[in-house]
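# A look at the structure
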There are 2 protein chains.
Amino acid sequence: MKNRKQVPEFFKFLQDEICDGLEKLDGTSRFNEDNWTRVKGGGGRTRVIEEGSVFEKGGVNFSEVFGDAPNQIIRTLGLDGEEFENARFYATGLSIVVHPKSPMVPIIHMNIRYFNLTDMEGQQISEWFGGGIDLTPHYVVDTDARFFHEKLKSVCDRFDANYYDKFKPWADEYFFLTHRNESRGIGGIFFDRMVNDNSHTLEQHFEFIQAVGKSFLPIYEELVLRNQNLPFGKKEEEWQAIRRGRYVEFNLVHDRGTRFGLQTEGRTESILMSLPKTATWKYKFKPDKGSKEELTLKKLVKGIAWVK
Amino acid sequence: MKNRKQVPEFFKFLQDEICDGLEKLDGTSRFNEDNWTRVKGGGGRTRVIEEGSVFEKGGVNFSEVFGDAPNQIIRTLGLDGEEFENARFYATGLSIVVHPKSPMVPIIHMNIRYFNLTDMEGQQISEWFGGGIDLTPHYVVDTDARFFHEKLKSVCDRFDANYYDKFKPWADEYFFLTHRNESRGIGGIFFDRMVNDNSHTLEQHFEFIQAVGKSFLPIYEELVLRNQNLPFGKKEEEWQAIRRGRYVEFNLVHDRGTRFGLQTEGRTESILMSLPKTATWKYKFKPDKGSKEELTLKKLVKGIAWVK
């Protein structure tokens, strides 16, 4: 890409915008910032909010790391071949996870990222964008799920009529707990390895990434405002704690970003900000028949067409 | 091994003994039993205790599974080569994790296992025993740590004067959270691939496995009795919840048994009984200087010689 520097610049700009927006929405707590450096190259700007009125724990993390691409990274990326020997990598991204206090407000996650591999002479091997947004309501509300997917579809449609139909099933596959045979939430969009090709330039991918990133705040604002004043009690909090347990399982067992981060000696506290403040595991927990918890479980499956 | 059937028989016998002992120790709660079958071969007898007076959540799980050994299993075992094509595996084991209610009582874990690989004609390729016991005190108490390691060493010494010196560092390596640069607890012993060799027969290994298994109950009983009546408050419970968070991280990110189980389509509820009822993550949590929590952290390192 011609002006690669613009990517981290945009991510930082967006981090500011989103943190400001979430702070306003919360009304009480502020983000704390930690600037950190990675011994082997690069660093990041981690921002975490805790114990707010609306948000119990959330992180909005910018990072920009680079250096020698160890074999482990090459393999994790599914790459192979002589050209990757002595390769160097550059990766920058913005990662967000927000755990609200109220079980009636959904957990949200977004990641947008840019990745670049060069050979030992500094020649470009490959570069791409990737990302995704997904929503994990403790209770699935159909109208909210439709709103969420419609908004994502409209962002996709502005760039390619096929994007949503490709990226929505991709999210269904990715945000899935195979060991539970259960979706993490209602999905969203997921995409990766968006390279310069016949249909789109890298610059166009960057435009798309920006649009996805910009959509985060208004979408989540709407979902928070719709649900934050709904009443709830002990039962809903218990269910929330169990759903959070599943979130922990997904992130530690399946999530590629988390595993990549822990493997590449990323900053553990920044990576694991995605974990909720509390989580619960109950052996063989099953919601009562006909309960709203059971109804939610039935909707944690792949392939629901939220947008007709 | 001549009488392979004895292995699962012993594991079941020991499961009974340990469950009886833990129930007596608890005084209130009883284990619930679930018998389950694995679609691709075998099954297990899962026993879980919840909401006791002493034990908040614990599992004592017997399993015996077999079938075609998929490439994934072969690779997970670190094996390779033509002889493993169309191999069949047989694995039986007893796994225990106990999370006590009181933060003053340590979490304990034991696993003992037997593994067997045969080729497509039913000829033995390889068979071995493995296992380990380790202790995770929320607060490290030196006298308890010494007691624990002395008991394990005396079991080891009855079989081989070199066992403890080999298996104690192995546990230090295994029960370690690389991403936190922190030991899970005070370690114990860990051993694997104990095959029939010049120094010991498989039958002798089985004797050792039995001795390790038999040592579990008296060791843990003593540690529970020593600590169960110690006073504690909110601060100790918060620290316990954070240590439990680390336990979750270890089991989901690092533990080979957990990952093997989830990969081989084991029974998820049985595998994840090892997770505590509740856990907490606080961003960048650091205990106060000079506090007993900080003192414990300083002892969560490799290489402490608990037995002089």
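First things first, this report covers the structure right here in the doc. Here the structure is a predicted model, which means the values were calculated and not measured.

Its 26 residues place the ends of helix α5 (residues 202-227) of chain A 38 Å apart at the C-alpha level, agreeing with the 38 Å of an ideal helix rising 1.5 Å per residue. Along α5(A), the largest kink reaches about 30 degrees and is centred on A:F216; proline A:P218 follows within four residues of it.

Here we take up the side chain of B:E294. All names here are of chain B. Following the sequence through the fold, E294 ends up in helix α9 (residues 292-298). Judged by its relative accessible area of 18%, E294 falls in the buried class. Other than its neighbours up to four places away in sequence, E294 contacts P287, D288 and K289.

This next bit is on helix α3 (residues 142-157) of chain B. Side chains that are three or four residues apart share a direction in an α-helix, a result of its 3.6 residues per turn. All names here are of chain B. The terminal C-alpha atoms of α3, which comprises 16 residues, lie 22 Å apart, in line with the 22 Å expected from a rise of 1.5 Å per residue. Residues of α3 that are buried include every one of D144, A145, F147, F148, H149, L152, V155 and C156, and no others. On its buried face, α3 sits against β5 (107-118), β6 (124-136), α4 (163-174), β9 (187-194) and α5 (202-227).

We now examine the relation of the copies chain A and chain B. The two chain copies are related to each other by a rotation about an axis together with a translation along it. Expressed as a screw transformation, the operator carrying chain A onto chain B has a rotation angle of 180 degrees and an axial translation of 0.0 Å, and the superposed copies differ by an RMSD of 0.0 Å. Overall, the copies show the geometry of a two-fold rotation axis. By residue overlap, the copies meet face to face through one surface: 100% of the interface positions of chain A are interface positions in chain B.

As a further point, take the interface of chain A and chain B. Taken together, the contact between chain A and chain B spans 28 residues of the former and 28 residues of the latter. The interface formed by chain A and chain B contains 4 salt bridges. The partner of A:D34 in a salt bridge is B:K284, with the nearest N and O atoms 2.9 Å apart. Residue assignment for the side of chain A that touches chain B shows that the elements contributing at least two residues are β2 (42-50), α6 (234-254), α7 (256-263), α8 (268-271) and β10 (278-280) of chain A. When residues in the side of chain A that touches chain B are grouped by element, the largest group, 4 residues, is from α6(A). Tallied by class, the residues present in the side of chain A that touches chain B amount to 12 nonpolar, 5 polar and 11 charged. The sheet contact formed by β10(A) and strand β10 (residues 278-280) of chain B spans 3 bridges and is antiparallel. Each bridged residue has a counterpart across the sheet, and for A:T280 the counterpart in β10(B) is B:T278.

Another aspect to go through is the environment of A:P106. All names here are of chain A. Looking at the element boundaries, P106 is found in the loop between β4 (88-100) and β5 (107-118). Separated by 29 residues in the primary sequence, P106 and L135 place their C-alpha atoms 6.6 Å from one another. The residues touching P106, leaving out its near neighbours within four places in the chain, are P100, L135, T136, P137, Y220, L223 and N227.

The subject of this paragraph is the sheet that holds β5(B). Residues and elements named next belong to chain B. Taking strand neighbours across the sheet as the criterion, the 7 strands line up as β1-β2-β3-β4-β5-β6-β9 in an open arrangement whose pairing is antiparallel. Both edges of this open sheet fall to β1 (32-37) and β9, since each of them pairs with a single strand only. Sheet twist, expressed as the average angle between the axes of neighbouring strands with direction ignored, equals 5 degrees. Across 11 bridges, strand β4 (residues 88-100) lies against β5 in antiparallel orientation. Bridging from a neighbouring strand, A91 pairs with F115 of β5. Of the strands in this sheet, β3 (55-68), β4, β5, β6 and β9 touch α5, which is tilted by about 15 degrees from β6.

Calculation notes
- Residues numbered from 1 in each chain as written.
- Chains lettered and ligands numbered in written order.
- Predicted model: local features only at pLDDT ≥ 70, side-chain atom pairs only at ≥ 80, totals over all residues.
- Heavy atoms only, no water.
- Helix = DSSP H or I, 4+ residues; strand = E, 2+ residues; numbered from the N terminus.
- Expected span 1.5 Å × (residues − 1).
- Bend = angle between axes of the 7 residues up to and from the residue.
- Buried < 20%, exposed > 50% of the residue type's maximum accessible area, 1.4 Å probe, protein only.
- Contact = heavy atoms within 4.5 Å.
- Least-squares fit on C-alpha atoms with pLDDT ≥ 70 in both.
- Salt bridge = Lys/Arg side-chain N within 4 Å of Asp/Glu carboxyl O.
- Nonpolar A, V, L, I, M, F, W, Y, C, P; charged D, E, K, R; others polar.
- Pairing = 2+ DSSP bridges.
- Axes fitted to C-alpha atoms, helices over the stretch in contact; angles between N-to-C directions.

Fair warning: the whole summary comes from geometry, so function is off the table for now.
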